[in-house]
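Given next are the chains, with one letter for each unit.
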Amino acid sequence: MTITELLAAIDPLQTIAVILGISGAALVAGKKAASRLSGFSCWIIANLIWFFEGVYSSNYYLAAMFGFYWITAVAGFWNSLKLKEKTVKKSHSASVPLPFKSQDQ
C-alpha cells in the first residue's frame with residue numbers, strides 16, 4: 001500500500017474521534033479536577049462522533065455502545081464539576097487567621 005492509498009483510506013472524522021478518546025483517557029487519569037473535566041469533555045465529543053458514525057453506517061451496536069458511553073461521560077463531567085465546586089468552596093471557607101491586634105486597639 002502506498003502512502004497515497006493509506007492517506008485516502010484515513011477517515012478524518014474517525015481520526016479526530018480516536019485522538020479525542022485517547023486524550024480523554026489520559027486526562028481523566030489526572031489528579032486535578034480541571035484535567036478530569038477536560039478529559040470528560042474530550043470523551044463527550046468523541047463519543048458523539050462515534051455514535052453518529054454508528055448511526056450513519058447502520059452499525060446500531062456501535063451507536064448503542066457509544067450512546068451509553070456519551071451518557072456516562074456527561075455524568076462524569078457533571079460529577080467532576082460538582083467535586084471541583086465543592087473543593088473550591090471548602091478552600092474558601094477554611095478559617096483564615098486574623099492579623100495580630102495589639103492591646104492598644
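Residues numbered from 1 in each chain as written. Predicted model: local features only at pLDDT ≥ 70, side-chain atom pairs only at ≥ 80, totals over all residues. Heavy atoms only, no water.

Q: Mind laying out the overall build of the chain, listing which residues take part and the relevant values?
A: Summing up its helical and strand segments, the chain has four helices and zero strands in all. Looking at the chain as a whole, 23% of its 105 residues are labelled buried. Carbon and sulfur atoms form 70% of the exposed surface of the chain, whose accessible area is close to 8200 Å². (Helix = DSSP H or I, 4+ residues; strand = E, 2+ residues; numbered from the N terminus. Buried < 20%, exposed > 50% of the residue type's maximum accessible area, 1.4 Å probe, protein only. Areas by Shrake-Rupley, 256 points an atom, 1.4 Å probe, with all protein chains shown as cover.)

Q: Residue-level account of the nonpolar core, with values.
A: Among the nonpolar cores identified, the biggest contains eight residues, and these are A17, L20, C42, A46, I49, W50, L62 and F66. Elements supplying a minimum of two residues to this core: α2 (12–28), α3 (33–56) and α4 (60–93). Ranked by residue count, the leading element in this core is α3, at four residues. Not counting residues within four places of it along the chain, the set of residues in contact with L62 comprises W50 and G54. (Core = buried A, V, L, I, M, F, W, Y, C linked by side-chain atoms within 4.5 Å. Contact = heavy atoms within 4.5 Å.)

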